[in-house]
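Working through the structure, step by step
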Amino acid sequence: MLVIGLGGTIAMTPTTTEGAAKPTLSAEDLLAAVPQLAATGIVVKTQSFTVKPGASLTFDEIEGLLGQLHAMDGQGAVDGFVVTQGTDTLEETSFLLSLLYGGETPVIVTGAMRAPYLAGADGSANLLASVTVAASPQARGLGVLVVFNDQVFDAARVRKIHSTSTNAFASPDTGPLGTVVEGRLRLLAVPAHKPLPLPSATARRVRVGAYAASLGDDGSLLAPLLEQVDGMVVAGFGVGHVPAAWVPVLQEAAQRIPVVLASRTGGGTTLTQSYGFDGSEKDLLDRGLIGAGHLDPYKARLLLTVLLRSGADRSAVIAAFAPAGTTPEGRG
């Protein structure tokens, strides 16, 4: 078992007179704070990949981590990986890894909402549960999972739903895949889709934006942004609606770049043909936008970024979004 530390709250200590925390602890430090691991009989090694807050992690760093995971999986070097990081971007980095990682060795991503020096710190419990899941034969072949608060989540469905609670992660549409009870994984379901790993092209640089619909926005800020990006994800109202004033802007952009239509709600899916007014989901898909389906805007942006970095054309982008339950065949 290998625990790889990226930093985040789970690794933070107070470094100022006011008590403000920064990530300073190594993966070895984190492991030392979980004496219960000795009773599991699992041999755990550690590596500190980087020590950063989650908000500062980069696409390139996650791809660098991915290269290491691939290499070790191919060698059969370990039975499982646990990645600890900041929760600010945990739902995104876990999904990014799930898009690019195709190994059989389980990859578990976890973190903490309370730093180790605070009362009720949750990092040690999350780390213990994550090692337990990573070592379980049931997790093998399931790809990338998120373990938090003794619950196991599909990386494609998990979201951070609270800014401070230790119960901050959930999957609004599906619920958890399982739980950790009495030191064992109890798997209740498996991910609906295990995507084939997408090709990664670190040399190709692209910019993919995300823009959310809000009441009264006339689209004047959206138009210049669309001129500066290689792809865009629009987080629409409800099932995928935008103000009528946006329609000409989005239609023009969709002829030049992939424009993906997601829902800003955090649960449910975009629709395809239930509403027909200007700016409705049907209207936008007919004008060339691509539905995100069950993918939230943040995950849709990552999928689109990976696709464009790998040189995917429009048809490949549409095909990649199809498993999320999106654009009907022949549209988009």
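In what follows, the accompanying structure is described.

Calculation criteria
- Residues numbered from 1 in each chain as written.
- Predicted model: local features only at pLDDT ≥ 70, side-chain atom pairs only at ≥ 80, totals over all residues.
- Heavy atoms only, no water.
- Phe/Tyr/Trp six-rings, centres within 6.5 Å; stacked < 30°, edge-to-face > 60°.
- Helix = DSSP H or I, 4+ residues; strand = E, 2+ residues; numbered from the N terminus.
- Pairing = 2+ DSSP bridges.
- Axes fitted to C-alpha atoms, helices over the stretch in contact; angles between N-to-C directions.
- 1 Å grid on protein atoms, 1.4 Å probe; cavity = no way out; pocket = protein on both sides within 12 Å on 5 of 7 lines; lining within 4 Å.
- Points joined across faces, edges and corners; volume = space filled by probe spheres on them.
- Nonpolar A, V, L, I, M, F, W, Y, C, P; charged D, E, K, R; others polar.
- Buried < 20%, exposed > 50% of the residue type's maximum accessible area, 1.4 Å probe, protein only.
- Contact = heavy atoms within 4.5 Å.
- Parallel < 35°, antiparallel > 145°, perpendicular 65-115°, else oblique.

We now examine the packing of aromatic side chains. Counting across every chain of the model gives 3 aromatic pairs. Both rings, one in Phe 148 and one in Phe 169, keep their centres 4.7 Å apart while their planes meet at 45 degrees; by these two values the pair is tilted. Placement of Phe 148 in strand S7 (residues 144-148) and of Phe 169 in strand S10 (residues 169-170) is noted, with a sequence separation of 21 residues between them.

The next thing to look at is the sheet that holds strand S4 (residues 45-52). Read across the open sheet, the 8 strands follow the order S4-S1-S5-S6-S7-S8-S11-S12; overall the sheet is mixed. In the strand order of this sheet, the two ends are held by S4 and strand S12 (184-187), each with one partner. Taking the axes of each pair of neighbouring strands and ignoring which way they run, one obtains an average angle of 25 degrees across the sheet.

To locate leftover empty space, one rolls a probe as large as a water molecule over the atoms. All told, the structure shown has 1 cavity of 30 Å³ or more when counted by the stated rule. Estimated volume of the largest cavity: approximately 130 Å³. For the largest cavity, the lining is made up of 15 residues, of which Asp 173, Gly 266, His 294, Leu 295 and Asp 296 are closest to its centre. Across the lining of the largest cavity, the residue classes tally to 3 nonpolar, 7 polar and 5 charged.

Okay, the environment of Leu 308 next. Summarising the element assignment, Leu 308 is placed in helix H9 (residues 297-309). What makes Leu 308 buried here is its relative accessible area of 9%. Taking the C-alpha atoms as reference, Leu 308 lies 24 Å from Glu 281; in sequence the two are 27 residues apart. For Leu 308, the residues in contact, after removing those within four places along its chain, are Arg 204, Val 206, Val 208, Asp 230, Gly 231 and Pro 258.

In terms of residue burial, strand S14 (residues 231-236) counts as a mostly covered element, since 6 of its 6 residues are buried. Here S14 shows a buried face lined by Gly 231, Val 233 and Ala 235 and a second buried face lined by Met 232, Val 234 and Gly 236. Across 5 bridges, strand S13 (residues 208-212) lies against S14 in parallel orientation. If you follow Val 208 over to S14, its bridge partner there is Gly 231.

Consecutive side chains of a regular strand alternate in pointing toward one face of the sheet and then the other. Note that strand S11 (residues 178-181) and S12 share 4 bridges and pair antiparallel. Counterpart to Val 181 in the pairing with S12 is Arg 184. The antiparallel hairpin formed by S11 and S12 contains 2 residues in its connecting segment, where Glu 182 sits at a positive phi of about 50 degrees.

To continue, consider the packing of helix H3 (residues 59-75) against H9. Orientation of H3 relative to H9, taken along the N-to-C sense of each, is 75 degrees, at an axis distance of 13 Å. As summarised for this structure, H3 and H9 are arranged roughly perpendicular, according to the angle between their axes. Taking contact as the criterion, the partners of Phe 59, Asp 60 and Glu 63 in H3 are, on H9, Leu 302, Thr 305, Val 306 and Arg 309. The residue inventory of the contact of H3 with H9, partitioned by class, reads 3 nonpolar, 1 polar and 3 charged.

The values are spatial; any link to function lies outside them.
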